[in-house]
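# Chain and residue survey
Each chain, letter by letter, is given below.
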Amino acid sequence: AQTIESLLYALEDFSHSQQSRSKDPLDTHIAAFLANRMDIKTVIRSEMEAFPHLKNNMILKAITLLAPAQRKVGNPPLKGLTRWIANRLAPIVETFHGKALRENLQKELKERAEAGILASIVVAVSNVRMVTQDDLSFKHAAKEYYKNTLALEKLRDQRTLRLSAKRFGMRLSLTISYGVLAVTLLSLVNSYISLMK
């Protein structure tokens, strides 16, 4: 490829091949080519890199560079490339804790990919507030789970204590009953012996 446009169309063509399923659309050579052609002197960062599990994600780096490249050449629809990227984003979507969030984001990515505009994919996955809310919700749920687990353990301990107390009470009453029976028998035997004299 000699131009940004020819590179994007080459990636679009490659996106329809079987090989695209296991490869990312951007490697160091393509990144260097785009940076050179777009005269980028600094590293472009995604807002999502603030999250440790996304910091070194190549697909996020790819769309952060490919979306401006597409914009620079007039935003030609690249449905194959956007679908390819949306599919490669699936593992990122699966890192979200909320099931509804994952399902909504997968649906949104699929819909946005059909438009063929990479910038719309960037918008869908660069919602820092969404990721932060998901993280806070997960932490809250984990805290509640921990509290509920402790409460269940306490209830189990109380049940165990009641069961142990009941068993102890039964043994004690049995022991007392045998003691009363023994005293009564001894008393009867003594009474019988004194009557016999």
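Preceding this section is the structure that the text describes.
Structure report, in brief. None of the values given here were measured: they were computed from a predicted structure.

## Side note on the overall build of the protein
Summing up its helical and strand segments, the protein has 8 helices and 0 strands in all. Secondary structure elements of the protein, listed N to C terminal, follow the sequence α-α-α-α-α-α-α-α. Counting only C-alpha atoms, the protein reaches 130 × 35 × 25 Å along its principal axes. When burial is assessed residue by residue, the protein has 28% of its 197 residues classed as buried. Considering only contacts within the protein whose residues lie at least 6 apart along the sequence, 75% involve residues at least 24 apart.

## What to know about the packing of helix α4 (residues 79-88) against helix α6 (residues 99-115)
One can describe the packing of α4 onto α6 by two numbers: an axis separation of 7 Å at closest approach and a directional angle of 160 degrees. Comparing the axis directions of α4 and α6 gives the class roughly antiparallel. Read as a crossing pair, α4 and α6 show a hand that is right-handed. Together, K79, T82, R83 and A86 of α4 and L109, A113, E114 and A115 of α6 make up the contact between the two elements. Among the residues making up the contact of α4 with α6, the classes are represented as 4 nonpolar, 1 polar and 3 charged.

## Quick word on α6
Between its first and last C-alpha, α6 extends 25 Å over 17 residues, near the 24 Å set by a 1.5 Å rise per residue. L101, L105, L109 and A113 are the residues of α6 that are buried. Looking straight down α6, one finds that the buried residues subtend no more than 95 degrees of arc, so they occupy a single side. Exposed side of α6, more than 90 degrees from the buried face: K99, N104, K107, K110 and E111 are the residues found there.

## Quick look at the side chain of T82
Along the chain, the position of T82 falls in helix α4. In this structure T82 comes out as buried when scored by relative accessible area, which is 0%. Setting aside anything within four residues of it in sequence, one finds T82 in contact with A113, G116, I117, L118 and I121.

## Side note on the pattern of salt bridges
The final tally for this structure, using the stated rule, is 6 salt bridges. Between K139 and D135 there is a salt bridge; the shortest N-O distance is 3.3 Å. Taken together, the residues K139 and D135, both in helix α8 (residues 128-196) and 4 residues apart, mark about one turn of the helix.

## Details of the environment of V93
Positionally, V93 belongs in helix α5 (residues 90-93). Note on V93: relative accessible area 1%, which makes it buried. Along the backbone, V93 and M170 are 77 residues apart, and their C-alpha atoms lie at a distance of 59 Å. Sequence-distant contacts of V93, that is, excluding residues within four places in its chain, are made with R102, L105, Q106 and L109.

What counts as what
- Residues numbered from 1 in each chain as written.
- Predicted model: local features only at pLDDT ≥ 70, side-chain atom pairs only at ≥ 80, totals over all residues.
- Heavy atoms only, no water.
- Helix = DSSP H or I, 4+ residues; strand = E, 2+ residues; numbered from the N terminus.
- Buried < 20%, exposed > 50% of the residue type's maximum accessible area, 1.4 Å probe, protein only.
- Contact = heavy atoms within 4.5 Å.
- Axes fitted to C-alpha atoms, helices over the stretch in contact; angles between N-to-C directions.
- Parallel < 35°, antiparallel > 145°, perpendicular 65-115°, else oblique.
- Left-handed = near helix turned anticlockwise from the far one by under 90°.
- Nonpolar A, V, L, I, M, F, W, Y, C, P; charged D, E, K, R; others polar.
- Expected span 1.5 Å × (residues − 1).
- Arc of directions from axis to C-beta.
- Salt bridge = Lys/Arg side-chain N within 4 Å of Asp/Glu carboxyl O.

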